[in-house]
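Descriptive structure summary
The lines below spell out each chain.
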Amino acid sequence: MTVQCNALKPYDVQAAESHQDFALDVLLGLSRSPKALPSKYFYDAEGNRLFQKIMDLPEYYLTECEFEIFQNHKDRIGELIGSDRFNLVELGAGDGQKTRVLIDHFLGKGLDFRYIPIDICEEALTELLQELQGYSPPLRIEGLVSEYFVGLKWLSNQIHDKNVVLFLGSNIGNFSHSEARVFLYSLWNALNDEDYVLIGFDLKKDIHRLTVAYNDSQGITAAFNLNLLRRINRELGGNFDLDQFRYYSAYNVYSGAVESFLISLREQTVYVETLNQSFSFEAWEPVHTEHSHKYLVSDIAELAEETGYEIIEQSYDSRGYFVDSLWQVRKNREM
Ligand SMILES: C[S@@+](CC[C@H](N)C(=O)[O-])C[C@H]1O[C@@H](n2cnc3c(N)ncnc32)[C@H](O)[C@@H]1O
């Protein structure tokens, strides 16, 4: 069976824009104090390959939890979403492996939808589209290589369609609570009344379990973080010596997030040719690379209420580590 696969925007235009954004964000991030680089830049081709390895790690429980949730709750999620024609839009789709559990189920039930994966990583999206070629029964797909906000802009034009938005794999955890509020409210603005959003939240749990998930014994998470410096070297002409930085991550009980860093092992200066700029590092100076916020069920309820959604269903894995929360957009009426 063939897949109808229309990119909504030419990849090359997006890629050119993202190269400039990358340069600007590196300049801003390494000039500020404390230094920080946005985690969305992890995902070049190598970062995408390393993240797929992370998802297979025994310590990284998040993926198997969400797989289990979809296996056990796909019927219920399908019933709740209903039978009208809809757009299944996935923000930060990655390899889409877990989503395929839902897609297979929805197709098997004869639901009428098109799948629109959106991801900043061109390699991830290209691989996903290739995997879905020859899909049977036939699947309508339109992929978009872009930032989330371009996806929101696209969504805001779908005024006559029903939309079901997937935001899986604890992608929401990369936002602080205030950023999550802004993002979810922007999403609400882009959606129509009664559209659905399915969000994967990683829950607060035993701290050892959390820290081990980001400190795997094979060093894949460390390589994934260090790849960000390699990307700066390759794409922006940087001269980072990767042996002079060490990955470190820890759970912060106050912020409720696993926080990740690359630590400079000595006093050093790094030059980035595209920026024509040098950056000085003290010995033991950190560069923040990622927040992975963990949630309480009460935080989720608060977030939904503050941003204009009603929680329809909470689907948990058997260990209660993770929840996929189905929300419905409420506009024009009291809840
Ligand atoms: C942690 S992975 C999760 C992938 C998938 N959702 C899953 O559950 O397996 C995050 C994905 O989101 C994409 N991503 C991260 N930040 C993004 C952004 N600002 N805009 C669009 N995609 C983004 C990355 O390229 C990556 O594929």
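Small disclaimer: the values here were computed from a predicted structure and weren't measured. (Residues numbered from 1 in each chain as written. Predicted model: local features only at pLDDT ≥ 70, side-chain atom pairs only at ≥ 80, totals over all residues. Heavy atoms only, no water.)

1. Re the overall build of the protein chain
The criterion, for reference: The way it works is that DSSP assigns letters per residue, a run of H or I at least four long becomes a helix, a run of E at least two long becomes a strand, and they are numbered from the N terminus. Restricting the calculation to C-alpha atoms gives the radius of gyration, and the globule rule supplies 2.2 Å times the number of residues raised to the power 0.38. A simple rule labels every residue: compare its accessible area, found with a 1.4 Å probe on the protein chains alone, to the largest value its type can have, and call it buried under 20%, exposed over 50%, or partly exposed in between. Whether two residues touch is decided by their heavy atoms; if any such pair falls within 4.5 Å, the residues are in contact. Each accessible area is a Shrake-Rupley estimate made with a 1.4 Å probe; only the visible protein chains count as cover when residues are assessed.
Looking only at helices and strands, the protein chain features 10 helices and 15 strands. Taking 335 residues into account, the globule formula puts the C-alpha radius of gyration at 20 Å, and the protein chain, at 20 Å, falls close to it. Every one of the 335 residues in the protein chain was classed for burial, and the buried ones make up 55%. For the protein chain, long-range pairs separated by at least 24 residues make up 75% of all intrachain contacts whose partners lie at least 6 apart in sequence. Element-wise, carbon and sulfur atoms account for 49% of the exposed surface of the protein chain, whose accessible area totals about 14,900 Å².

2. Some details on a nonpolar patch on the surface
Quick note on the threshold: Think of a patch as exposed residues, more than 30% relative accessible area, with no salt bridge, where like charges cluster within 9 Å and nonpolar side chains (Val, Leu, Ile, Met, Phe, Trp, Tyr) cluster within 5 Å. Salt bridges are counted wherever a side-chain nitrogen of Lys or Arg sits within 4 Å of a carboxyl oxygen of Asp or Glu.
Taken together, the side chains of Ile207, Val253 and Tyr254 present a nonpolar region at the surface, about 380 Å² in accessible area. Here Val253 lies in the loop between strand E9 (245-252) and strand E10 (257-264).

3. Re the pattern of salt bridges
When the charged atoms of two side chains with opposite charge come close together, those side chains can pair. This structure, assessed with the given rule, holds 20 salt bridges. Among the ionic pairs, Asp161 bridges to Arg114, the shortest N-O distance being 3.6 Å. Pair noted here: Asp161 is in the loop between helix H6 (148-156) and strand E7 (162-167) and Arg114 is in strand E4 (residues 113-119), with a separation of 47 residues, a long-range link.

4. Looking at the sheet that holds strand E13 (residues 286-293)
For the record, the criterion: Strands are labelled as partners when DSSP assigns at least two bridges between them. To get an axis, a line is fitted to the C-alpha atoms, and for a helix only the part in contact is used. The angle between two axes follows their N-to-C directions and goes from 0 to 180 degrees.
The mixed open sheet is built from four strands, whose spatial order is E2-E13-E10-E9. Edge positions in the sheet fall to strand E2 (35-36) and E9, since each of these pairs with one other strand and no more. As judged from the eight bridges shared by E9 and E10, these two strands associate in the antiparallel manner. The residue bridging Asn252 from the neighbouring strand is Ala257, located in E10. Across the sheet, helix H9 (residues 220-236) touches E9, E10 and E13, and the angle it forms with E9 is around 120°.

5. Let's talk about the site of the ligand
Applied cut-off: By convention in this text, a residue qualifies as near a molecule or strand provided that one of its non-hydrogen atoms is within 4 Å of it. For the purposes of these results, a polar contact is taken to be a pair of N or O atoms within 3.5 Å, where, inside protein, one atom must be able to donate a hydrogen and its partner to accept one; residues adjacent in sequence count only when each atom of the pair is a side-chain atom. The nonpolar class holds Ala, Val, Leu, Ile, Met, Phe, Trp, Tyr, Cys and Pro. Asp, Glu, Lys and Arg form the charged class, and all remaining residues, Gly among them, are polar.
By nearness alone, 17 residues border the ligand, and Gly92, Lys98, Asp119, Tyr148 and Gly169 come closest of all. At a separation of 2.5 Å, an oxygen atom of the ligand approaches a polar side-chain atom of Asp119. Between a nitrogen atom of the ligand and a main-chain N or O atom of Tyr148, the distance comes to 3.0 Å. For the ligand, the accessible surface in isolation is 590 Å², of which the surrounding protein chains cover 94%. Split into classes, the residues belonging to the shell around the ligand amount to eight nonpolar, five polar and four charged.

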